[in-house]
Amino acid sequence: MTKLEKIYEGKAKILYTTEDPDLLIQYFKDDATAFNAQKKGTIAEKGIMNNHIAAKIFKHLAAEGIESHFVELLNDREMLVKRVQIVPLEIIIRNRAAGSLCRLLGLTEGMTLASPTLEFCYKDDALGDPQVNEYHIRALKWASDDEIRSITTEAFRINEVLKKFFLNLKIELIDFKLEFGRVQNRIILADEISPDTCRLWEIGTGNKLDKDRFRRDLGHVEQAYQEVLRRVSQ
Ligand code: TMP
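What you see is a predicted model; the values in this text were computed from it and never measured.

The rules behind these values
Residues numbered from 1 in each chain as written. Predicted model: local features only at pLDDT ≥ 70, side-chain atom pairs only at ≥ 80, totals over all residues. Heavy atoms only, no water. Axes fitted to C-alpha atoms, helices over the stretch in contact; angles between N-to-C directions. Helix = DSSP H or I, 4+ residues; strand = E, 2+ residues; numbered from the N terminus. Left-handed = near helix turned anticlockwise from the far one by under 90°. Contact = heavy atoms within 4.5 Å. Nonpolar A, V, L, I, M, F, W, Y, C, P; charged D, E, K, R; others polar. Phe/Tyr/Trp six-rings, centres within 6.5 Å; stacked < 30°, edge-to-face > 60°. Buried < 20%, exposed > 50% of the residue type's maximum accessible area, 1.4 Å probe, protein only. Lys NZ or Arg CZ within 6 Å of the ring centre and 35° of its normal. Core = buried A, V, L, I, M, F, W, Y, C linked by side-chain atoms within 4.5 Å.

A. Region of interest: the packing of helix 1 (residues 46–63) against helix 4 (residues 145–167). Remark: helix 1 packs on helix 4, axes separated minimally by 11 Å, with the N-to-C direction vectors making an angle of 120°. In the packing of helix 1 onto helix 4, the handedness of the crossing is right-handed. Packed against helix 1, whose contacting residues are Ile57, His60 and Leu61, the element helix 4 presents Ile158, Val161, Leu162, Phe165 and Phe166 at the interface. By residue class, the composition of the contact of helix 1 with helix 4 is 7 nonpolar, 1 polar and no charged.

Spelled out as structure tokens, the structure:
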């Protein structure tokens, strides 16, 4: 597969067309942003680590019956993915309070939630990805009722699978963000799952193994990503 035309460039990835109209190449960059791109930087070899980590996770999800856009790993920075029409929503699932939920509700970081929560955000950088609810999604036709249902069910199912997956690696899945896309008449998981899009705390030490190290200048950012890659590769 060769890259033909760049069709999208986001903060962390680029998408290229290929000879096959149904397949795209997803290229992972080292660029890192936080707080809606107010903070910018690079994390050395992040693109390589996230490409490999996301591939491992997509493969594990496939083995558990969860379809995603992932087709195959091509090289260190690129994976082949199905071309989907992205639903303009970010779905955030949380198992413990952290990040924006603590700010919103005045919670202590790490507080256990009695059950997982789900938030929808409208994918729009200019607006800072505002939180929306099902009524907004329906009224603005971002997704149909069936699609909202299927995204919700799938997101909680992915949470159960990933919680177990990371627990085996002595990592607790605190929260994460998902994106979905339409292909034919189905909705499948798209984008990436990596330390950029999850909060991952090492069990026992509570060490943060995710992008919060970059967001909050905690140091040892590359090492944290490397440690996640090492564990998912076991
Ligand atoms: P938050 O606490 O900042 O709302 O983030 C919740 C989770 O979603 C966290 O694991 C990081 C991830 N996330 C993204 O992947 N992209 C984003 O743009 C944001 C805001 C969060």
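B. Here's a closer look at the packing of aromatic side chains. Per the counting criterion, the structure on display carries 3 aromatic pairs. Arranged with centres 5.9 Å apart and planes meeting at 25°, the rings of Phe58 and Phe70 form a pair that is stacked. Of this pair, Phe58 sits in helix 1 while Phe70 sits in strand 6 (residues 70–75), placing them 12 residues apart in sequence. The class for Phe58 is buried, based on a relative accessible area of 1%. The class for Phe70 is buried, based on a relative accessible area of 12%. Between the aromatic rings of Tyr122 and Trp142, the centroid separation amounts to 3.9 Å while the plane-to-plane angle is 10°, which identifies the pairing as stacked. One end of the pair, Tyr122, is in strand 10 (residues 112–122); the other, Trp142, is in the loop between helix 3 (134–139) and helix 4, and 20 residues separate them in sequence. Comparing Tyr122 with Trp142, the two get one shared label, buried. For Lys3, the ring lying beneath its charged end belongs to Tyr16, and the centroid distance is 5.3 Å.

C. Spotlight on the nonpolar core. Ranked by size, the top nonpolar core spans 54 residues in total, and within it Leu61, Ile91, Ile158, Leu162, Phe166 and Leu178 carry the most contacts. Sort the elements by how many residues they give to this core and helix 4 lands first, with 8 residues. For Phe166, the residues in contact, after removing those within four places along its chain, are Ile57, Ile171, Leu173, Leu200 and Val232. Listed in part, the 5 residues of the second largest apolar core include Ile14, Tyr16, Ile25 and Leu80.

Function-wise, these values are silent; they only describe arrangement.
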